[in-house]
Amino acid sequence: MDVLGVLNLGDIAQTFSKMGMFPVFDLAYYIVSILYLKYEPGSVEVSRRSPVASWLSAMLYCFGSYILADVLLGGSPVDYFQYNSHILLASAVWYLLFYCPLNLFYKCVAFLPVKLVLVALKEVVRTRKIAAGVHHAFHAYHHGFFIMIIVGYVKGSGVALISNFEQLLRGVWRPETNEIMNMSFPTKASLYGAILFTLQETHWIPVAKSTLILLFTLFMITCKVVMTARHSHGSPFSLVESWVCHLLFGSPLGGAADDHHGGAVAPAAPSSPAKSKEELSEGTRKRKVKKAE
Amino acid sequence: MDVLGVLNLGDIAQTFSKMGMFPVFDLAYYIVSILYLKYEPGSVEVSRRSPVASWLSAMLYCFGSYILADVLLGGSPVDYFQYNSHILLASAVWYLLFYCPLNLFYKCVAFLPVKLVLVALKEVVRTRKIAAGVHHAFHAYHHGFFIMIIVGYVKGSGVALISNFEQLLRGVWRPETNEIMNMSFPTKASLYGAILFTLQETHWIPVAKSTLILLFTLFMITCKVVMTARHSHGSPFSLVESWVCHLLFGSPLGGAADDHHGGAVAPAAPSSPAKSKEELSEGTRKRKVKKAE
Amino acid sequence: MDVLGVLNLGDIAQTFSKMGMFPVFDLAYYIVSILYLKYEPGSVEVSRRSPVASWLSAMLYCFGSYILADVLLGGSPVDYFQYNSHILLASAVWYLLFYCPLNLFYKCVAFLPVKLVLVALKEVVRTRKIAAGVHHAFHAYHHGFFIMIIVGYVKGSGVALISNFEQLLRGVWRPETNEIMNMSFPTKASLYGAILFTLQETHWIPVAKSTLILLFTLFMITCKVVMTARHSHGSPFSLVESWVCHLLFGSPLGGAADDHHGGAVAPAAPSSPAKSKEELSEGTRKRKVKKAE
């Protein structure tokens, strides 16, 4: 029975890891990404004043991870722009989200049940990207463990890591913070995921890659869907992180190293001063967007 | 007769498109570019305090388009610096413009009739660069329409697109605006030119490249010379843009999308709050430079 | 006798230029570099709040020159991260300097006699890097004199040239100044060194490379050790520079072009308003670090 169970899981994982991402999953990725761009204060005004800047921002939100990974591996930053169908799909999403009459498209995709499905689909793409990034780096540098982790990390985090410069494109400049100093849950999970996939790629973890992809995807979907549904911006890692950082880096206990929560394990605490972009409570966001319209 | 006329235009275009740019046209390009650098507030002080920073700025003004295009296509940013004669010529222009006794060289080239000729020559180089950029990108990505447009665009716009970082080199930081949010006429024309040349390169426009180069050059020369002579910073595109942006992006009519003029078709309106670098009225500029000396 | 002397110098230079840098010299380089990071105001707080940002800063301090040179020559910015042993050694130094109990490691290496030795060893590595950078660029561009100088320069200066962006990683933003506008002694010496090594590489200076490496290393060690011991931030070039800049660039005499000293030849003047990072007097630094602990 146990053997069969393992076989089945392996089969499911195999099938899952061979599933194509384009167009359904990619579409969900683009929608959720550009939705987060629309939540950014000022982005609606920019879309009215300068469509070119708004379009470029949207492209960075959708393809920032490819651009960054290509740059890190010495390639051309615009390499991914050769896939015209992806660019056109993302551009269509951008147009519908920002300029659709009556804001209809936005209202549909921001409707919580729809959004939860899209968020779940987005995490499928994110996990795949991390695995692909690690694999790509492994081919370029067989023993470059650090390079594998870095490339997997940027493939998972995408635009968040260059958010300072993406904001600059829209005339916003907040030098006092950045995504590395205040990592949001997806960025942190990408880092841990990149480490896991690197260990798998170099055979330190005795598990098939397809299985790891399946398990990590399930973990990411669960976390993000629960967090989105509960309008929470906590992190499931904060308790462990708090202790590890205390032991290794002497960070004060009771406040997680990168979180600044009053109480380390209060994932929904609304008083956090360092809310990250992807973690703003839905209510605030919607109000902001409505005000901007 | 008509056939002959076409033949003649084709011949002229052929001859024109084969004309070498070095050294006459390139010299004009360097002079006008570094002249615009000298118009920038604070650049004269920087040239006194730190010649290295001033020289680097001048090089960015002259070769920014090559640097950006090389970076975008995955090459070395300093690749163009292998052409020692170009660098030496541009350095000589920089030295004469900033350090010539009695400011003699500056006074000569800033004299309006001379300047109009130089501006006209500069536009010849700009058009060539756009065409070369699109062609270069076409060779790297045969179906990468977006890449061709982007590379042609940066080849035409040059330093303007990285002006935030060029200013940073001189200790100036203006995050609230950038060239993509407030496109000046040359930047906008480069974008439209890049689209035209991409359509030509992919055979969507049934016209010879040499003819397109000739026509686009004539258009650019006419516009820039008239604008420089009238000290204007309007754009011949503003009326069309205003309507297109209103239809497509819901921008308020009567103010062009990226212009912020009170009246959309008031090209010489001196009250524009978002004057771009290349569009500052000559009077203001000269006063500023004189003050700085 | 004279011939023998020359032979001996040549032999010593040969032996010296073949000496391996890893691990002793590189270790000293990492220690001194990360020590300077710890002197930066706010870096200790960042190490408590976000170890990832602190680690990245430390890596930029140690490997910034490789990253920059790789980028300039069109390679991958993370290329050097394939040398796991170097990264691990630098990471160990970072950990010990920032998180060692009782701050023991910091106290050892910041103890002046120890520090003087480490600073001397660091300059050995710097000179080697400049020579290697020029040689690397020479292989890529045989006649690219400017490229050789630029690559040698960034190999010698390292993180200083991107200090604005390194600071941004730690949430600090000082756009009003940068290393090119206010060059510190090591940056300036790297520029002059790069010019010297370029002249040697292209056979304009009739001297063996190993001899030039030996002589330049001795010069750098002498200057830096004296400056560190005397807590000075002057520059041995200031008198010559002051005159050259006055003649060539019309800079006011009596204040060196990039120094802003009241008196040009007062190398230990404590009133300089533009103290560079590497030149802050030891006393101030130590007080700052102690305060931050």
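Model, not experiment: these values are computed from the prediction. Numbering of residues starts from 1 in each chain and follows the order in which that chain's sequence is written. Note on labels: chains are lettered from A, ligands numbered from 1, in written order. Owing to the predicted nature of the model, reporting of local features is limited to residues with pLDDT of at least 70; listing and counting of side-chain atom pairs is limited to 80 or more, with chain, interface and lining totals taken over all residues. The side-chain values count all of the structure's non-hydrogen atoms but skip hydrogen atoms and water molecules.

Novice: Explain the interface of chain C and chain B here, please?
Specialist: The figure often quoted for interface size is the accessible area lost as the parts come together. Residues count as neighbours in contact if any of their non-hydrogen atoms are within 4.5 Å of one another. Facing the 29 residues of chain C at the interface are 30 residues of chain B. On the chain C side of the interface with chain B, the three residues burying the most area are Phe146, Met181 and Phe249 of chain C, jointly 28% of the side's total. By definition here, a salt bridge exists when the distance from a side-chain nitrogen of Lys or Arg to a carboxyl oxygen of Asp or Glu is within 4 Å. Seen at the junction of chain C and chain B, the total is zero salt bridges. Under the rule applied, a polar contact is a pair of N or O atoms within 3.5 Å (in protein, one hydrogen donor and one hydrogen acceptor; residues adjacent in sequence only if both atoms are side-chain atoms). The tally of links between chain C and chain B comes to eight residue pairs in polar contact (both at pLDDT 80 or more). Counting from the N terminus, the helices are DSSP H or I runs at least four residues long and the strands are E runs at least two residues long. Contributions of two or more residues to the side of chain C that touches chain B are made by helix H4 (51-72), helix H8 (145-157), helix H9 (163-169) and helix H12 (238-249) of chain C. Values labelled buried area give the accessible surface lost by two parts on being combined, using a 1.4 Å probe and summing over both.

Novice: I tried to follow the packing of aromatic side chains on my own but got confused; where do I start?
Specialist: Between two aromatic rings, the relevant description is the distance of the centres plus the angle of the planes. Note on aromatic pairs: the rings of Phe, Tyr and Trp (six-membered ring only in Trp) are paired at centre separations within 6.5 Å, and the planes decide the class, stacked below 30 degrees, edge-to-face beyond 60, tilted for the rest. Using the criterion set out here, one finds 66 aromatic pairs over all chains in the structure. Judged by centre distance (6.2 Å) and plane angle (45 degrees), the rings of Phe216 of chain B and Phe219 of chain B are tilted. Within this pair, Phe216 of chain B and its partner Phe219 of chain B are both found in helix H11 (residues 209-229), separated by three residues, close to a single helical turn. Type-normalised accessible area, obtained with a 1.4 Å probe on protein chains alone, sets the label of each residue: buried when under 20%, exposed when over 50%, and partly exposed for intermediate values. Owing to a relative accessible area of 31%, Phe219 of chain B belongs among the partly exposed residues under this scheme. Between the aromatic rings of Phe219 of chain B and Phe237 of chain B, the centroid separation amounts to 6.0 Å while the plane-to-plane angle is 40 degrees, which identifies the pairing as tilted. One end of the pair, Phe219 of chain B, is in helix H11; the other, Phe237 of chain B, is in the loop between H11 and helix H12 (238-249), and 18 residues separate them in sequence. The buried category is assigned to Phe237 of chain B, whose relative accessible area is 15%. Here the aromatic cluster, defined as three or more aromatic residues joined through ring pairs, consists of Tyr30, Phe63, Tyr66, Tyr80, Phe81 and Tyr83 of chain A.

Novice: Got a minute to help me understand the pattern of salt bridges in this structure?
Specialist: Pairing between side chains becomes possible if they bear opposite charge and their charged atoms approach one another. Residue and element names in this part refer to chain A. Tallied over the entire structure, the rule returns 15 salt bridges over all chains. Of the charged contacts, one joins Glu123 and Arg126 as a salt bridge, the two residues approaching to 2.9 Å between their closest N and O atoms. Here Arg126 and Glu123 lie together in helix H7 (residues 112-140), a separation of three residues that amounts to about one turn. When its relative accessible area of 1% is taken as the criterion, Glu123 is described as buried. The network of salt bridges with shared partners includes Glu40, Glu166 and Arg170.

Novice: Teacher, can you tell me more about the relation of the copies chain C and chain B here?
Specialist: The operation relating the pair of chain copies consists of a rotation about an axis and a translation along that axis. Turning chain C through 120 degrees and shifting it by 0.0 Å along the axis lays it on chain B, with an RMSD of 0.0 Å. In short, the pair behaves as if placed about a three-fold rotation axis. Minimal C-alpha distance to the rotation axis in chain C is attained by Gly74 of chain C, lying at 3.9 Å. Both copies present different contact surfaces, since only 10% of the interface residues of chain C are interface residues in chain B too. Superposition of the copies was done by least squares, using only C-alpha atoms of residues whose pLDDT is at least 70 in both.

Novice: Mind showing me how you'd approach the relation of the copies chain B and chain A here?
Specialist: Overlaying chain B on chain A yields an RMSD of 0.0 Å, the required transformation being a rotation through 120 degrees with an accompanying axial translation of 0.0 Å. Comparing contact sets, just 10% of the residues at the interface of chain B also lie at the interface in chain A, consistent with a heterologous contact between different surfaces.

Novice: How do you make sense of the nonpolar core when you look at a structure like this?
Specialist: Across soluble globular proteins, nonpolar side chains have a tendency to be buried as a group. Core analysis: the biggest nonpolar cluster contains 241 residues, and Ile34, Phe63 and Phe81 of chain A, Phe63 and Phe81 of chain B together with Phe63 and Phe81 of chain C have the highest contact counts within it. Domain delimitation follows an automatic or database domain assignment. Structurally, this core is a two-domain feature, drawing no fewer than three residues from each of domain 1 (2-229) and domain 2 (230-281) of chain C. Those residues in contact with Phe63 of chain B that lie beyond four places of it in its chain are Tyr30, Tyr80, His86, Ile87 and Ala90 of chain B. Nonpolar core, defined: a set of buried Ala, Val, Leu, Ile, Met, Phe, Trp, Tyr and Cys residues in which side-chain atoms within 4.5 Å join the residues together. Counting six residues, the second-largest nonpolar core is a separate cluster that includes Leu168 and Trp173 of chain A together with Leu168 and Trp173 of chain B.

Novice: Explanation requested: helix H5 (residues 84-99) of chain C in the structure shown.
Specialist: An α-helical segment advances 3.6 residues per turn. Residues three or four places apart therefore align on the same side. Given a rise of 1.5 Å per residue, 16 residues ought to cover 22 Å, and the 21 Å separating the end C-alpha atoms of H5 of chain C matches this to within 8%. Among the residues of H5 of chain C, those classed as buried are Asn84, His86, Ile87, Ala90, Ser91, Val93, Trp94, Leu97, Phe98 and Tyr99 of chain C. If you follow the buried residues of H5 of chain C, they end up packed against helix H8 (145-157) and helix H12 (238-249) of chain A together with helix H2 (24-39), helix H3 (43-49), H4 and helix H6 (104-109) of chain C. What a helix should span is 1.5 Å times the count of its residues minus one.

Novice: Hey, could you run me through the interface of chain B and chain A in this one?
Specialist: Contacts between the two partners involve 29 residues from chain B, matched on the other side by 30 residues from chain A. In total, about 2400 Å² of surface goes out of reach between chain B and chain A, with carbon and sulfur atoms giving 68% of it. On the chain B side of the contact with chain A, Phe146, Met181 and Phe249 of chain B bury the most area, a combined 28% of that side's loss. Linking chain B with chain A are zero salt bridges. Linking chain B with chain A are eight residue pairs in polar contact (both at pLDDT 80 or more), by the criterion used here. Secondary structure elements with two or more residues in the side of chain B that touches chain A: helix H4 (51-72), helix H8 (145-157), helix H9 (163-169) and H12 of chain B.

Novice: Help me out: how do you make sense of the confidence of the model for chain A in this one?
Specialist: Close reading of the predicted structure is inappropriate where its pLDDT is low. Residues and elements named next belong to chain A. Mean pLDDT for chain A: 86, with 84% of residues reaching 70 or above. Confidence scores here are pLDDT values: one per residue, from the predictor, ranging 0 to 100. Within the model, pLDDT remains below 50 along residues 255-288, and this stretch shows 81 contacts once partners closer than five positions in the same chain are excluded. Reported confidences for the modelled complex are a pTM of 0.87 and an ipTM of 0.85.

Novice: For this particular structure, what's the right way to read unusual backbone geometry?
Specialist: Peptide bonds are trans in most cases, and residues, glycine excluded, mostly fall at negative phi. Going from Phe22 of chain B to Pro23 of chain B, the amide bond is cis rather than trans, its omega being 0 degrees. Note that Pro23 of chain B resides in the loop between helix H1 (2-18) and helix H2 (24-39). At Leu102 of chain C, a residue that is not glycine, the phi angle is positive and equals roughly 65 degrees. Topologically, Leu102 of chain C is positioned in the loop between H5 and H6. With a relative accessible area of 69%, Leu102 of chain C lands in the exposed category. Here Asn103 of chain C, not a glycine, exhibits a phi torsion of approximately 60 degrees, which is positive.

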